[in-house]
Amino acid sequence: KWVGTIPHVAEPPPGLHEAFYGEGLGGIDALRPSLRRKHGMPTAAFVALVNCGNYDAVNRKALDVAVLAFKALRETVAGAHLFLKVMSTAHILAAEGNGLPEQHTADPAISLAGLLRAAGLPAGSFTVEDRVLDWSASWEMLAAADVLLMPSKSEGFGFSLLEGPRGGT
């Protein structure tokens, strides 16, 4: 019989792994300011990250709940910053070479922008990052944040729940 192992998906890439668990490196808190500068996050603010791999117009990831939770957080944490790492379903389907289903043909960024305006968040209190990033950059974003928000309307268990604490968030 063959026995094999599957690499743990919730394992930081080399470099970050040593920062989390190595001795003499100061831990993730020492790396956080440089990671924030690298990814366009404010260095001195409390940063809430929403890591949403496939935002769509149907809003099954419950970004509305995340935005409202962040708005409540700003009432107690002055200067908090919301960093929305989103990738539209259009990006995912285009990368897979598939056509777009009917419900995903509208630009989801329009409804996301409307959601942020409707919540009344002040300009400069949030950032929307929609570039497709590699595995290492995604981990760096997790490590750069203070807290991970992950509401969901229909996702049973997302990897972000494993990756956030493993990444020092």
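What you are looking at is a predicted structure, and each value in this text was computed from that prediction instead of being measured.

All right, on to the overall build of the protein then. Summing up its helical and strand segments, the protein has seven helices and four strands in all. Moving toward the C terminus, one meets the helices and strands of the protein in the order α-α-β-α-β-α-α-β-α-β-α. For the protein, the proportion of its 169 residues judged to be buried stands at 38%. Considering only contacts in the protein between residues 6 or more positions apart, those separated by 24 or more positions represent 76%. Total accessible area computed for the protein in this model is approximately 9,400 Å², and 59% of it derives from carbon and sulfur atoms.

As a further point, take the nonpolar core. If you look at the biggest cluster of nonpolar residues, it comprises 16 residues, and the most contacted ones within it are Val50, Leu63, Phe70, Leu82, Leu84, Leu116 and Leu121. The greatest single-element share of this core, amounting to four residues, is contributed by helix α3 (residues 63-76). If sequence neighbours within four positions are ignored, leucine 116 has contacts with Val67, Leu82, Leu84, Leu121, Phe126 and Val128. Residues Leu49, Ala137, Met141 and Ala144 belong to the second largest nonpolar core, which totals 15 residues.

Assignment of secondary structure puts alanine 80 in the loop between α3 and β2 (81-88). The spatial distance from the C-alpha of alanine 80 to the C-alpha of serine 125 is 6.9 Å, given a sequence separation of 45 residues. If near-sequence neighbours (up to four positions away) are discounted, alanine 80 is found in contact with Phe46, Phe70, Leu73, Arg74 and Ser125.

Tracing the sequence through the fold places leucine 112 in helix α5 (residues 108-118). Taking the C-alpha atoms as reference, leucine 112 lies 10.0 Å from valine 67; in sequence the two are 45 residues apart.

What follows covers α3. The end-to-end C-alpha distance of α3, which contains 14 residues, comes to 20 Å, matching closely the 20 Å that a straight helix rising 1.5 Å per residue would cover. What α3 keeps buried is the set Leu63, Ala66, Val67 and Phe70. Axial view of α3: buried residues confined to an arc of 95 degrees, hence all on one face. For α3, the exposed residues set more than 90 degrees away from the buried face come down to Leu68, Glu75 and Thr76.

Thresholds, definitions, all that
- Residues numbered from 1 in each chain as written.
- Predicted model: local features only at pLDDT ≥ 70, side-chain atom pairs only at ≥ 80, totals over all residues.
- Heavy atoms only, no water.
- Helix = DSSP H or I, 4+ residues; strand = E, 2+ residues; numbered from the N terminus.
- Buried < 20%, exposed > 50% of the residue type's maximum accessible area, 1.4 Å probe, protein only.
- Contact = heavy atoms within 4.5 Å.
- Areas by Shrake-Rupley, 256 points an atom, 1.4 Å probe, with all protein chains shown as cover.
- Core = buried A, V, L, I, M, F, W, Y, C linked by side-chain atoms within 4.5 Å.
- Expected span 1.5 Å × (residues − 1).
- Arc of directions from axis to C-beta.

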